[in-house]
Structures are given as structure tokens and as C-alpha cells.
There are 2 protein chains.
Amino acid sequence: MLPNQYENIDRFPVALDTIIFGFDRQNLKLLLIKRDFEPEKGNWSLMGGFLEADESLDEAASRILTKLTGLKNIYLEQLYGFGEIDRDPVERTISIAYYSLINIHDHNKELVEKYSARWFPIDDLPDLIFDHHKMVEAAKGRLRHKAATQPVGFELLPEKFTLPELQQLYESIYETDLDKRNFRRRILSMNVLEKTDEKQKKFSKKGAYLYRFDSKKFEKQKAEENGAGLSFKPPKV
Amino acid sequence: MLPNQYENIDRFPVALDTIIFGFDRQNLKLLLIKRDFEPEKGNWSLMGGFLEADESLDEAASRILTKLTGLKNIYLEQLYGFGEIDRDPVERTISIAYYSLINIHDHNKELVEKYSARWFPIDDLPDLIFDHHKMVEAAKGRLRHKAATQPVGFELLPEKFTLPELQQLYESIYETDLDKRNFRRRILSMNVLEKTDEKQKKFSKKGAYLYRFDSKKFEKQKAEENGAGLSFKPPKV
DNA sequence: CCAAAAGTGTTAGGGTTACACCCATGT
DNA sequence: ACATGGGTGTAACCCTAACACTTTTGG
């Protein structure tokens, strides 16, 4: 056995913080928790936790997300590593931020209650502890970029959804209005939606057709277009 | 003073690994070092080091880069956090990868020698230790993306450069050929280049005009276009 | 019958691509 | 004079954005 050459290296707690996006058919929202421990007890915060020895970063982020939502196999993507010296007043930590997209109706209510968590509209967030605001800003940017590049956001919707709902989601992500006709054309031309013959009448008398995301078609497209990808650009501001 | 609530948290060495791009007017290259310590002694590796207590992640990456190149104020951007459990056989570490763009003629030769470092063409790299190949792939993707979105790569060139040289650089980044006329039009329409009246005659009898990157114009543009940004897209594959 | 949301096509303009010839000069 | 790389313009096409009316149906 070799001696451990890393003997004299500094070691740090590695935190994972998760930005959790949800969509309630109206607004894009974030799930935040109210800290019940010091420091910053009683203030709003992203859900987070510390890396443990037997898990990768991805696994840890996933574990932390499950802890709050009860959900497994959630869409989760690493965002950025935050490592300012004084970002945590207790002790020097570094934090890898992840963001996730979940179906807002789909989480475990008891767990959310246990953590005093609440959904906040993305454009009306409370103050957040530490550098969590920076993390949220980064996540918003990433989500916008992602939505511009590939059909994203299906994770935020129920299995079946209408085109007006999907448009509403994109409008929340871009914080702008989109033209109905152009939106439909573009999203349908991506060829990853499957129309059902059911109608959703909750929001209109006429009713809107329900669509389903066809992940087979999506995978096929991704494979064919080798990375260049399906493209959905935000309008120019 | 509060008791440290993080008392029972696991702690890990946090590595920084840097992907160093350079360009020799012909090919895009990476600066790699030959490890002179175990494990994997004698094998090629990215330049790396460990985070210390008194520096942020960015500062650490910058320190490590200076250690190898002698250069300060280098273009440096965080890439991704790598944290597989067994990525380092010595001990569980996590690594935040950074990539940087430097002028290939501009580094300290002695230091490079001290680390047995060498420039490798991007399309002819040796085997790398640990997960460094994954890091390089991620960096290539990021650079390509960045070049498509904004005028990048001036960091890789000397202060004055010709348009054919710049085109050569973009061609290396995209690994494809570009049309001379279209390239010129697009790059000049970005309005961030300043023409000098000097000519570079090293590569042709006629000589090519030298240009300079005008960072004032660039900043102005960035400000005006609020993020949407100057756009330079790669051709479709 | 009417209010309210869903659904549908066309046109004009801007941007991207494809493409070929002349210029300057060192040898 | 000629070989070598540098420099220039235009036309076709495609994609995007702008835009208004009809359909359905619950109340």
C-alpha cells in the first residue's frame, strides 16, 4: 500500500444545493425551504445537504432532492461550483449547485411540510441565505438557454398537457409573450409531441387537445442531429 | 461563538484541474504535464492542484495556472465539477475543472520544462490519467459553444493577428472549413476588430493586414445587446 | 346568442449560404 | 511571369416574425 500522498492537503465539506423548478400551469416557481437551524434560522434557503463518502456528486444531489420531494429519477443537472471563502459563515465550504425540473403536483406534501418548504413565483422570491441568489440567477439563465436549444420543460408538466399550457411555460421561462401561431409551428415541427384525442376543458369551453411528449422520437432526433439539436430560440428582446 | 454544526460532516480534498488551450497559428493545442509522482507517474495529465483554505475556487485555479505558465490574468472559466467516487485511486477527491485560453508563445519556458509539459494538437492527444479525458471533451464542447455565441479566441492569439489566422483558429475549434468571404463578413460585422495599417508577410507575398481586438467596442456591444449577444454560429454539420 | 379560449396560413424581410475572380508581391 | 495566398460582391434560399379571422361550446 502506498502512503497517502494527499496527507497534508486541506479538506472541505462539499455541499450540494438544489434549485427546484416547478410550474403550476401559470407561473414558473421555485421550491424553497425555511431553515430551522442556525445560522440564518427562519430564513429562506435552497434545499441542500453535504456530500457523503459513498456517493457521487450526482447521487448526492439526487438524494437531497428525494429527501425533500419524495421523488426519484428526477431531471437534474449540475449547474456550477460556488467556492467563495466566506460563503458560509459557519465554516469554509464549497457548494456544487444543481437544478432540477419537477412536476409541481407530484411531490410528497408531508415532506414539504416537514421542511417548511414553499413554492415561490420566480419573479417574487424572498431574500435567500448565503450566495443562494447567485445560484438562482445562474439556474434561470441555464434553463432559458436550455429551452432555447432543445425541447425542455416537459419535465415540468404532467404527462399530458395542452399546447397553450406549454406555451405558458415557455413564456414564464423567457419572461415574455410568444405568438400562438409561431409557437405551435415551431414546437410541432420539432416532432417530439404526440397528439391524443382527449381534450382538456378546464380552461375553455372549446377545450384544448392534450399532447404527450414522445421520448422515443426525441431520442431519435437527438441521435440524428448529432448535437446540433432541435432548436427553439427565444425571441429577441 | 456557536458550536460548529458541521462537526460530523465528511470532508474531501478539492482539486482544480485546468484544460489549457493554445493556438500556434495552425492547430488548436492543449498543454499537458507528465506526472512525476505516483500514482500514474510518467503518464500525461492536466495541470492540477488542490484547493487551499485561503483562496476561492477561481483564485486556486488561477494560482495553479500561473504555477505552470508564469502567466497572470489569464482567461479562465469554470467548466464542471467531477465527483465520481473512484475517480482518484489515492483517495476520494472531487475536482472542479477549469479551462483557459492562452497565447501559446507567451508562457514561461522554464516552468513548462520543470513540469515536463508539452503542447499536444487537440486531435492527437495521448492517454490521460483518471477522468481527464472527460474533462477535455467537456472543454472542447464549451469552447465550441462559446465561440459560436461570442467573439472568443482573441485570448489565443497575439495582440495583432490577421483574418486568415483568426479563421484558422475558428476552423480548428469547429474542426471544419469555413468560407473565407462569409467568415470575414461575419467577424467584421461584429464590429469588435480594429484594422491596423501594418501587414503581416510571414505567410504570403502579398501580406495580410493585421487586426487588433477592440475590447472597448466589445464591452459596448455586450452592454447594448443585453446578453443575447454577438452571434457567430458554426455551420451545420 | 355571446363570451372566451383554441385553432389555423400567408407574406415580407433579414440573415445565411454558396459561389469565382482579381490583387499584390517575392522569387 | 508566375505562383501563392489575400481580398472582395452577389444572388438564391430559408427561416423567422408579423399579423387576423374562424371555430367551438358552456352558460
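Residues numbered from 1 in each chain as written. Chains lettered and ligands numbered in written order. Predicted model: local features only at pLDDT ≥ 70, side-chain atom pairs only at ≥ 80, totals over all residues. Heavy atoms only, no water.

### Here we look at the overall build of chain A
No. 1: Broken down by element type, chain A carries six helices and 10 strands.
No. 2: When its C-alpha atoms are laid out on the principal axes, chain A stretches across 65 × 45 × 35 Å.
No. 3: Relative to its 237 residues, chain A shows a buried fraction of 51%.
No. 4: Long-range pairs, those at least 24 residues apart, make up 68% of the contacts in chain A between residues at least 6 apart in sequence.
No. 5: In chain A, which carries 38 positive and 39 negative side-chain charges, the distance between the mean positions of the two groups comes to 9 Å. (Helix = DSSP H or I, 4+ residues; strand = E, 2+ residues; numbered from the N terminus. Buried < 20%, exposed > 50% of the residue type's maximum accessible area, 1.4 Å probe, protein only. Contact = heavy atoms within 4.5 Å. Lys, Arg positive; Asp, Glu negative; His and termini not counted. Charge placed at Lys NZ, Arg CZ, Asp CG, Glu CD.)

### A look at the protein's contact with DNA strand C
No. 1: Taken together, 19 residues are adjacent to DNA strand C, and Lys 180 and Arg 184 of chain A together with Arg 181, Arg 186 and Lys 201 of chain B come closest.
No. 2: The sugar-phosphate backbone supplies 39% of the atoms of DNA strand C found within 4 Å of the protein.
No. 3: Within the side chain of Arg 184 of chain A, one N or O atom sits 2.3 Å away from a phosphate oxygen of DNA strand C.
No. 4: At a separation of 2.9 Å, a phosphate oxygen of DNA strand C approaches a polar side-chain atom of Arg 186 of chain B.
No. 5: Of all the secondary structure elements, the ones that give two or more residues to the surface near DNA strand C are helix H5 (180-189) and strand E10 (208-213) of chain A together with helix H5 (180-189) of chain B. (Near = heavy atom within 4 Å. Polar contact = N/O pair within 3.5 Å; in protein donor to acceptor, adjacent residues only side chain to side chain.)

### Some points on the protein's contact with DNA strand D
No. 1: Among the 20 residues in the neighbourhood of DNA strand D, the closest are listed as Arg 181 of chain A together with Lys 180, Arg 184, Lys 206 and Tyr 209 of chain B.
No. 2: Protein-proximal atoms of DNA strand D, defined as those within 4 Å of the protein, fall in sugar or phosphate at a share of 35%.
No. 3: One of the side-chain N or O atoms of Asp 179 of chain A is found 3.4 Å from a base nitrogen in DNA strand D.
No. 4: In the model, a phosphate oxygen of DNA strand D is placed 3.0 Å from a nitrogen or oxygen of the Arg 186 of chain A side chain.
No. 5: Only H5 of chain A together with H5 and strand E10 (208-213) of chain B provide two or more residues apiece to the surface near DNA strand D.
No. 6: Partitioning the surface near DNA strand D into residue classes produces four nonpolar, three polar and 13 charged. (Nonpolar A, V, L, I, M, F, W, Y, C, P; charged D, E, K, R; others polar.)

### Notes on the relation of the copies chain A and chain B
No. 1: Mapping chain A onto chain B calls for a screw motion: a turn of 180° about the axis and a shift of 0.0 Å along it, with 0.0 Å RMSD after fitting. Such a combination of turn and shift is consistent with a two-fold rotation axis.
No. 2: By residue overlap, the copies meet face to face through one surface: 100% of the interface positions of chain A are interface positions in chain B. (Least-squares fit on C-alpha atoms with pLDDT ≥ 70 in both.)

### Looking at the domain arrangement of chain A
All names here are of chain A.
No. 1: We note that the domain assignment places domain 1 (14-149) and domain 2 (157-224) within chain A.
No. 2: Computed over C-alpha atoms only, the centres of domain 1 and domain 2 are separated by 27 Å.
No. 3: Between domain 1 and domain 2, the contact holds 11 residues from the first and 13 residues from the second.
No. 4: When residues of domain 1 are sorted by the area they lose upon contact with domain 2, Phe 23, Arg 25 and Arg 144 head the list and together hold 53% of the total.
No. 5: At the boundary of domain 1 and domain 2, one finds three salt bridges. (Domains from an automatic or database assignment. Buried area = accessible area lost by both parts, 1.4 Å probe. Salt bridge = Lys/Arg side-chain N within 4 Å of Asp/Glu carboxyl O.)

### Topic: the interface of chain A and chain B
No. 1: Listed per partner, the contact involves 40 residues of chain A and 40 residues of chain B.
No. 2: Carbon and sulfur atoms supply 58% of the area buried between chain A and chain B, which totals about 3,400 Å² over both sides.
No. 3: Remark: the boundary between chain A and chain B carries two salt bridges.
No. 4: The interface formed by chain A and chain B includes 13 residue pairs in polar contact (both at pLDDT 80 or more).
No. 5: If you list the elements that add at least two residues to the side of chain A that touches chain B, you get helix H1 (57-69), strand E5 (75-82) and strand E6 (94-101) of chain A.

### Focus on the sheet that holds strand E8 (residues 160-162) of chain B
Residues and elements named next belong to chain B.
No. 1: If you trace the three strands from one edge of the open sheet to the other, you get E8-E10-E9, paired in antiparallel fashion. Taken across any chain shown, the strands that pair with only one partner, and hence form the sheet edges, are E8 and strand E9 (193-200). With strand direction ignored, the average angle separating the axes of adjacent strands in the sheet is 40°.
No. 2: Relative to E10, E9 runs antiparallel, the two sharing five bridges. Bridge assignment links Leu 193 to a residue of E10, and that residue is Phe 213.
No. 3: Lying over the sheet, helix H4 (residues 163-174) contacts E8, E9 and E10, oriented at roughly 80° with respect to E8. (Pairing = 2+ DSSP bridges. Axes fitted to C-alpha atoms, helices over the stretch in contact; angles between N-to-C directions.)

### Considerations on the pattern of salt bridges
No. 1: Counted under the stated rule, the structure contains 32 salt bridges over all chains.
No. 2: With its nearest N and O atoms 3.2 Å apart, the salt bridge here joins Arg 144 of chain B to Glu 175 of chain B. With Arg 144 of chain B in helix H3 (residues 132-149) and Glu 175 of chain B in the loop between H4 and H5, the pair connects residues that are 31 residues apart, well separated along the chain.
No. 3: Taking relative accessible area as the criterion, Arg 144 of chain B reaches 30% and is therefore assigned partly exposed.
No. 4: When its relative accessible area of 48% is taken as the criterion, Glu 175 of chain B is described as partly exposed.
No. 5: Each of Glu 137, Lys 140, Arg 144 and Glu 175 of chain A takes part in one network of salt bridges that share partners.

### Quick look at the side chain of Thr 196 of chain A
All names here are of chain A.
No. 1: For Thr 196, the location among the structural elements is in strand E9 (residues 193-200).
No. 2: A relative accessible area of 8% means that Thr 196 is categorised as buried.
No. 3: Separated by 2.8 Å, the side chain of Thr 196 and the backbone oxygen of Leu 210 make a polar contact.
No. 4: Every residue in contact with Thr 196, bar those within four places of it in the chain, is listed here: Tyr 209, Leu 210 and Arg 212.

### Details of a negative patch on the surface
No. 1: Among the surface-exposed residues, Asp 10, Glu 84 and Asp 86 of chain A together with Asp 54, Asp 58 and Glu 59 of chain B lie close enough to one another that they form a single negatively charged patch.
No. 2: Residue position: Asp 10 of chain A is located in the segment before strand E1 (14-23). (Patch = residues over 30% accessible without salt bridge, like charges linked within 9 Å, V, L, I, M, F, W, Y side chains within 5 Å. Areas by Shrake-Rupley, 256 points an atom, 1.4 Å probe, with all protein chains shown as cover.)

### A closer look at the UniProt feature "domain: Nudix hydrolase" (unreviewed entry) in chain A
No. 1: Mapped onto this numbering, the UniProt entry gives "domain: Nudix hydrolase" (unreviewed entry) at residues 13-143 of chain A.
No. 2: End C-alpha atoms of residues 13-143 of chain A are separated by 28 Å, and the span's content is 24% helix alongside 34% strand. (UniProt positions renumbered as here; feature names shortened; annotations may be inferred.)

### Brief notes about helix H4 (residues 163-174) of chain A
Residue and element names in this part refer to chain A.
No. 1: For H4, spanning 12 residues, the distance from its first C-alpha to its last is 16 Å, which sits close to the expected 16 Å at 1.5 Å a residue.
No. 2: Judged by how many residues are buried, H4 sits mostly within the fold: 10 of 12 residues are covered.
No. 3: For H4, the set of buried residues is Leu 163, Glu 165, Leu 166, Gln 167, Leu 169, Tyr 170, Glu 171, Ser 172, Ile 173 and Tyr 174.
No. 4: Downstream of H4 by a residue or two, Glu 175 has a phi angle that is positive, lying close to 55°. (Expected span 1.5 Å × (residues − 1).)

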